[in-house]
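Fold and contact review
Residue strings, one per chain:
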Amino acid sequence: MTYVGMTGQGATATLSTTGAVGCIRSIKLPEWAQEKIDASCLETTGFKRSIAGDLTDPGQVELTAVFDPSIAMPLPGVYEDITITLPLGDPTSTTNATLTGSGFAMSISQPSMEIDSLLEISLTFCFDGETGPAYSVEA
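What comes next is a walk through the structure. (Residues numbered from 1 in each chain as written. Predicted model: local features only at pLDDT ≥ 70, side-chain atom pairs only at ≥ 80, totals over all residues. Heavy atoms only, no water.)

1. Quick look at the pairing of strand β6 (residues 60-66)
On a regular strand, each side chain points to the face opposite its neighbour's, so the side chains alternate between the two faces of the sheet. A large share of β6 lies buried, amounting to 5 of its 7 residues. Relative to β6, strand β3 (residues 24-28) runs antiparallel, the two sharing 4 bridges. For Ile-27, the partnering residue across the bridge sits in β6 and is Leu-63. Summarising the sheet, β6 and strand β9 (residues 120-127) pair through 7 bridges and their orientation is antiparallel. Residue pairing across strands places Ala-65 opposite Ile-121, the latter belonging to β9. (Buried < 20%, exposed > 50% of the residue type's maximum accessible area, 1.4 Å probe, protein only. Helix = DSSP H or I, 4+ residues; strand = E, 2+ residues; numbered from the N terminus. Pairing = 2+ DSSP bridges.)

2. Regarding unusual backbone geometry
Residues Gly-132 and Pro-133 are joined by a peptide bond in cis, for which omega reads 15 degrees. Relative to the elements of secondary structure, Pro-133 occurs in the loop between β9 and β10 (134-136). We note that Asp-116 has phi near 55 degrees; this positive angle belongs to a residue other than glycine.

3. So, the pattern of salt bridges
Two side chains carrying opposite charge are able to pair once their charged atoms lie near each other. Counted by the stated rule, this structure contains 2 salt bridges. Here Glu-120 makes a salt bridge to Arg-25, at a shortest N to O gap of 2.7 Å. Of this pair, Glu-120 sits in strand β9 while Arg-25 sits in strand β3, placing them 95 residues apart in sequence. Using a relative accessible area of 52% as the deciding quantity, one classes Arg-25 as exposed. Among the salt bridges present, the one from Asp-38 reaches Lys-48, with a minimum N-O distance of 3.9 Å. Residue Asp-38 is located in strand β4 (residues 33-38), and its partner Lys-48 is located in the loop between β4 and β5 (50-57); the two are separated by 10 residues in the primary sequence. Note on Lys-48: relative accessible area 66%, which makes it exposed. (Salt bridge = Lys/Arg side-chain N within 4 Å of Asp/Glu carboxyl O.)

4. What to know about the environment of Val-66
With respect to the helices and strands, Val-66 occurs in strand β6. Sequence spacing of Val-66 and Pro-133 is 67 residues, and the spatial spacing of their C-alpha atoms is 25 Å. Contacts of Val-66, omitting those with residues within four sequence positions, involve Cys-23, Arg-25, Leu-118, Leu-119 and Glu-120. (Contact = heavy atoms within 4.5 Å.)

5. Observations concerning the pairing of β9
In terms of residue burial, β9 counts as a mostly covered element, since 6 of its 8 residues are buried. Both strand β8 (residues 98-109) and β9 contribute to a ladder of 6 bridges, which runs antiparallel. Opposite Phe-104, over in β9, you have Cys-126 as the bridge partner.

What follows is the structure in structure tokens.
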């Protein structure tokens, strides 16, 4: 069968100190961005010239999870590693793709308690660029 895509069903996120974050509802993976430097000269015409900056911003991961009062929440500013395991996309693969790296919880929003609404937390994990982020492909 030809590979046609996948959903995120089955993905997990684990923090090295806090442990499992709980029932994950969504994971927004980071955007890796590198600044551009204007390299135009006064004689440049038409379009600006650009060169790549020196460093890449490692980005951040945004998680939404079901609130579980029995699970310890990470504290903002506490350094730990994150491992995000993606579900297998190809049925013939045996090793999941992963995204790992060091960083810290930048923000944690507590749940809003409402009638007919699931209690959820939002967690923003910021990669610090010290270790990773590193992406390992599915195999």
